[in-house]
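Structure at a glance
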Amino acid sequence: MAKSAVRRARPRAGLQARVRKILARLERAYPDATCALQHGSALELLVATILSAQSTDARVNMVTPALFAKYRSARDFASADPRVFEQEIHSTGFFRNKTRSIIGMAQALVERHGGEVPDTMEALVQLPGVGRKTANVVLGSWFGKNEGIVVDTHVQRLATLLGLTKEKDPVKIERDLMALVPRDQWTWFSHTLILHGRQVCIARRPKCEICVVNRWCPSSRV
């Protein structure tokens, strides 16, 4: 092996060893980390995930019980009155765009998939309002398929603080994380970082003193 290749391999091996320690500690702290969005079906999770953009899971969970009681199928969402629907989801923000996305998504489900949510990345990202991040949520949390890692603001922030990526683009961040984290942990890992970011590694007031991975975090203040 050339000397330059050896120099590149050493930091990479060190990073992978550090990631293994981080994962082990996080797994002990958050063994059952799951999606915070309340849902009872793939369709409900898909709708809730679209609503969660630029909003909080807590806010979405306040809106969806009444929404899911009224709209029970893709056909129900597809035939919703946009003006009424906008008011029903108003508090989640960006309600006009979200209304177009959800109604359009539901219409596509009815027209292309018999009203059922598909279980492949290729089919999901072809639905209106559904990008890779949303598809990853549905595939991982409902269908149990680890096709990728959800990169939301918490995951992006913590991955950077932990020194797992230097990228700014979510797609590139996901690529870096997928190369470091075992595939069978991808869905759990994203849920865990989100939970850790909310409870411990809080953006404006990180609780480094109680963080279970502070020893392996280059941004730790302790």
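See the structure above.
The sections below set out a description of the structure shown in this document. (Residues numbered from 1 in each chain as written. Predicted model: local features only at pLDDT ≥ 70, side-chain atom pairs only at ≥ 80, totals over all residues. Heavy atoms only, no water.)

Looking at the largest pocket, its volume works out to about 900 Å³. The wall of the largest pocket is formed by 34 residues, among which Ser 52, Ala 53, Asp 57, Lys 133 and Asp 152 lie closest to the centre. Contributions of two or more residues to the lining of the largest pocket are made by helix H2 (42-51), helix H3 (57-70), helix H6 (95-113), helix H8 (132-141), helix H9 (153-161) and helix H11 (186-199). The element best represented in the lining of the largest pocket is H11, accounting for 5 residues. When its residues are assigned to classes, the lining of the largest pocket shows 13 nonpolar, 16 polar and 5 charged. Put simply, the second largest pocket is a space of about 230 Å³. Forming the boundary of the second largest pocket are 19 residues, of which Leu 161, Cys 201, Pro 206, Cys 208 and Cys 217 lie nearest the centre. Looking at the lining of the second largest pocket, the element that brings in the most residues is H9, giving 3 residues. (1 Å grid on protein atoms, 1.4 Å probe; cavity = no way out; pocket = protein on both sides within 12 Å on 5 of 7 lines; lining within 4 Å. Points joined across faces, edges and corners; volume = space filled by probe spheres on them. Helix = DSSP H or I, 4+ residues; strand = E, 2+ residues; numbered from the N terminus. Nonpolar A, V, L, I, M, F, W, Y, C, P; charged D, E, K, R; others polar.)

With respect to the helices, strands and loops of the structure, Ala 53 is situated in the loop between H2 and H3. Note: C-alpha distance between Ala 53 and Thr 134 (81 residues apart in sequence) is 9.3 Å.

Counted under the stated rule, the structure contains 8 salt bridges. One salt bridge in this structure joins Glu 88 and Lys 70, with 2.7 Å as the shortest N-O distance. Note that Glu 88 is positioned in helix H5 (residues 82-88) and Lys 70 in helix H3, a separation of 18 residues in sequence. A relative accessible area of 26% means that Glu 88 is categorised as partly exposed. By relative accessible area, Lys 70 is classed as partly exposed at 46%. For Arg 132, the salt bridge is made with Glu 174, and the minimal N-O distance between the two is 2.7 Å. Of this pair, Arg 132 sits in helix H8 while Glu 174 sits in helix H10 (residues 170-180), placing them 42 residues apart in sequence. The exposure class assigned to Glu 174 is buried, which follows from its relative accessible area of 5%. (Salt bridge = Lys/Arg side-chain N within 4 Å of Asp/Glu carboxyl O. Buried < 20%, exposed > 50% of the residue type's maximum accessible area, 1.4 Å probe, protein only.)

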